[in-house]
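# A look at the structure
Now for the letters of each chain:
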There are 2 protein chains.
Amino acid sequence: MEDKGSYGQFCPVAMAAEVLCSRWTVLVLREMLAGSTRFNELRRGVPRMSPALLSKRLKELEAAGVVVAAPGERGVVEYRLSPAGEELRPIVMGMGFWGQRWIESQLSLKNLDPSLLMWDMRRNLRVEPMPPRRCTIAFQYPELAENRRHWWLVVNGGAVDLCSVDPGFEVDLYVVGSLRALTAIWMGLTTVGREVAAKQLELLGDAMLARSIEQWLGLSPFAGETRKVA
Amino acid sequence: MEDKGSYGQFCPVAMAAEVLCSRWTVLVLREMLAGSTRFNELRRGVPRMSPALLSKRLKELEAAGVVVAAPGERGVVEYRLSPAGEELRPIVMGMGFWGQRWIESQLSLKNLDPSLLMWDMRRNLRVEPMPPRRCTIAFQYPELAENRRHWWLVVNGGAVDLCSVDPGFEVDLYVVGSLRALTAIWMGLTTVGREVAAKQLELLGDAMLARSIEQWLGLSPFAGETRKVA
DNA sequence: CGGTATCCCCCCTGATACTG
DNA sequence: CAGTATCAGGGGGGATACCG
């Protein structure tokens, strides 16, 4: 009779919490709100989530009317937010802004991950301020193991590609520094200029690209929020 | 090294989700946002949560800087929201509004609970439209077992008391009907007038009080939200 | 690429009792 | 009243392998 997972409360907060507050769920929603639609695309945003669990969550969200799964262009299933799901945007974003304001940055910076960071940067890179030609930006994190040290963002014709293996193009700009510094920049906790001055970051190559980096390197959507804690 | 419960992501959404999205947590926050401060007061709002777990969650929220526990007037511990906790209000309320819009009401109405309903009504009853004298409203749910059938709201000098045992006062108004009907009214899914007309609800006693019931019987904070699903 | 299947463990959770 | 102690059970979810 009594559903095990249910709070047993008619209150809309409780009903909503049953849908939203299971492990990984809001992170999956965050990925979908950011525009990911394919299974493996979603996985890149939640790499530590097992595919079985991601599949289960997607089905749950579909059953709840939040996600619609339908074959896309080439018959491949695409997951999209329903209108109900789209209306979760202010809630998920609100959680992010709250986290940015109230979670100690030291705590966040314990969770460094170059793959997630580069993936985020790829998504938010601003193409317009860049030269119209193809540009290749190489990121290097010297302190990391070889297989996670090198990343390339290739901007070409308005599209941005992220590579973890050398695409072979001539590199226009090298961005070399600690993963912690670049993550802090991404989160709006510091700036490129400050980290360069502090020798945590080095820009090598095209001077124009280097000078305009704060124009084209997008920051986290939450970077502007004023912090209330250290 | 790697914290087990952590998502391992620096993203503020993930950090916030670690704090907010464990079982029962948002319901505890809802209670605190509604004004409850004492342990057993909180328990009344989450009756199916074990005291051990409530205690654990309160400690977690305290560690996260969301809740402040401090001895109150008579040395009894009182739990209050910190500024960070208070800033969760739009998020928790947002979840409620979203639930009201997008969760099928049939689903909510599977979770009927007279104790929660009466506790909510006690909290939101509007004293001003009532006569200045002491008023006793008796609620009866004939279909329920004897021990959950009878409830009394006693309004006296601006204070509202909820009793599940007869306080002994003369009753000014009897509200008799199905728990489902009264819950639906509380949630804004229907109105007193409609349920009376449909014979799901009966008002007996003081005609003035009966006539003004929609003035003094407060509704759920989410009742006004326009529904998008059945 | 896009998922299932399987295994298994740990911890969450619920229940009950108890204590200051 | 305000919790803590203890215990048992179940399932959530992590890891890995596998399949179409």
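Residue positions within a chain follow its written sequence, with the count starting from 1. To read the labels, note that chains go from A and ligands from 1, taken in the order they are written. Restriction of local features to residues with pLDDT of at least 70 applies here, the model being predicted, together with a cutoff of 80 or more for giving and counting side-chain atom pairs; totals for whole chains, interfaces and linings are based on all residues. As a rule here, side-chain values cover all heavy atoms of the structure and leave hydrogens and water aside.

## Looking at the overall build of chain A
Regarding its fold elements, chain A presents 13 helices and 7 strands. Here the C-alpha coordinates of chain A stretch approximately 65 × 45 × 35 Å along the principal axes. Each residue gets one of three labels from its accessible area relative to the maximum for its type: buried under 20%, exposed over 50%, partly exposed in between, using a 1.4 Å probe on protein chains only. The buried share of chain A, taken over its 230 residues, is 49%. The contact criterion used is simple: two residues touch if any of their non-hydrogen atoms lie within 4.5 Å. Considering only intrachain contacts with a sequence separation of at least 6, the fraction spanning at least 24 residues in chain A is 61%. When the accessible area of chain A is evaluated, it comes to approximately 10,900 Å², of which 52% is carbon and sulfur surface. Side chains of chain A carry 28 positive and 26 negative charges; the gap between the two charge centres is 3 Å. Numbering of helices and strands runs from the N terminus, with a helix taken as a DSSP run of H or I at least four residues long and a strand as a DSSP run of E at least two residues long. Computed with a 1.4 Å probe, the accessible areas rest on the Shrake-Rupley method; for each residue, only the protein chains presented here act as cover. Positive charge is attributed to Lys and Arg, negative charge to Asp and Glu, and no charge count is given to His or to the chain ends. In plain terms, the charge of a residue is placed at NZ if it is Lys, CZ if Arg, CG if Asp and CD if Glu.

## Topic: empty space enclosed by the protein
Of the grid points, spaced at 1 Å and generated over the protein atoms alone, those admitting a 1.4 Å probe that cannot get out make up cavities, while open sets with protein on both sides within 12 Å along at least five of seven lines make up pockets; any residue with an atom within 4 Å of a point is treated as lining. Grid points are joined across faces, edges and corners, and a volume is the space filled by probe spheres set on the points. Counted under the stated rule, the structure contains 1 cavity of 30 Å³ or more. Here the largest cavity is characterised by a volume of approximately 40 Å³. In terms of lining, the largest cavity is formed by A:Leu20, A:Cys21, A:Val26, A:Leu29, A:Leu88, A:Ile91, A:Val92, A:Met95, B:Cys21 and B:Met95. Going through the elements one at a time, α2 (25–33) and α6 (89–102) of chain A are the ones with two or more residues in the lining of the largest cavity. No other element matches the 3 residues that α6(A) contributes to the lining of the largest cavity. Residue composition of the lining of the largest cavity, by class: 10 nonpolar, no polar and no charged. Note that Gly is not counted as nonpolar here; it falls among the polar residues with everything else outside the nonpolar set of Ala, Val, Leu, Ile, Met, Phe, Trp, Tyr, Cys and Pro and the charged set of Asp, Glu, Lys and Arg.

## A look at the UniProt feature "domain: HTH hxlR-type" (unreviewed entry) in chain A
UniProt positions are given in the numbering used here, feature names are shortened, and annotations may be inferred rather than shown by experiment. The residues that UniProt annotates with the feature "domain: HTH hxlR-type" (unreviewed entry) are residues 11–107 of chain A. Along residues 11–107 of chain A the backbone is 61% helical and 10% strand, and the end-to-end C-alpha distance reaches 33 Å.

## What to know about the pairing of strand β6 (residues 173–177) of chain A
Residues and elements named next belong to chain A. Within β6, 4 of the 5 residues are buried, leaving the element largely enclosed by the surrounding structure. Of the pairings in the sheet, the one linking strand β3 (residues 135–140) to β6 comprises 4 bridges and is parallel in character. Across the sheet, residue Gln 140 finds its bridge partner in β6, namely Val 176. Note on pairing: DSSP must find at least two bridges between two strands before they are called paired.

## Side note on the domain arrangement of chain A
How far each domain reaches was decided by an automatic or database domain assignment. When the domains of chain A are assigned, the result is domain 1 (12–87) and domain 2 (112–216). Inter-centroid distance (C-alpha atoms) of domain 1 of chain A to domain 2 of chain A is 29 Å.

## As for the side chain of B:Ser82
All names here are of chain B. Tracing the chain through its elements places Ser 82 in the loop between β2 (77–81) and α5 (83–86). Any pair of N or O atoms that falls within 3.5 Å is considered a polar contact. Within protein, one atom must be able to donate a hydrogen and the other to accept it, and sequence-neighbouring residues count only if both atoms are side-chain atoms. At a separation of 2.6 Å, a polar atom in the side chain of Ser 82 contacts the main-chain carbonyl oxygen of Gly 65. Once you skip the residues sitting within four places of it in the chain, Ser 82 turns out to touch Gly 65, Val 66, Val 67 and Val 68.

## Remarks on the pattern of salt bridges
We define a salt bridge as a contact between a side-chain nitrogen of Lys or Arg and a carboxyl oxygen of Asp or Glu at a distance within 4 Å. Applying the stated criterion across every chain yields a total of 24 salt bridges over all chains. A salt bridge links A:Asp206 to A:Arg133; the nearest nitrogen and oxygen atoms lie 3.0 Å apart. Taken together, the positions of A:Asp206 in the loop between β7 (201–205) and α12 (207–211) and A:Arg133 in the loop between α8 (114–124) and β3 put the pair 73 residues apart, joining distant regions of the chain. In this structure A:Asp206 comes out as partly exposed when scored by relative accessible area, which is 22%. For A:Arg133, a relative accessible area of 38% gives the class partly exposed. With its nearest N and O atoms 3.4 Å apart, the salt bridge here joins B:Arg123 to B:Asp120. One end of the pair, B:Arg123, and the other, B:Asp120, are both in helix α8 (residues 114–124), 3 residues apart, so they sit about a helical turn from each other. With relative accessibility at 23%, the residue B:Arg123 sits in the partly exposed group.

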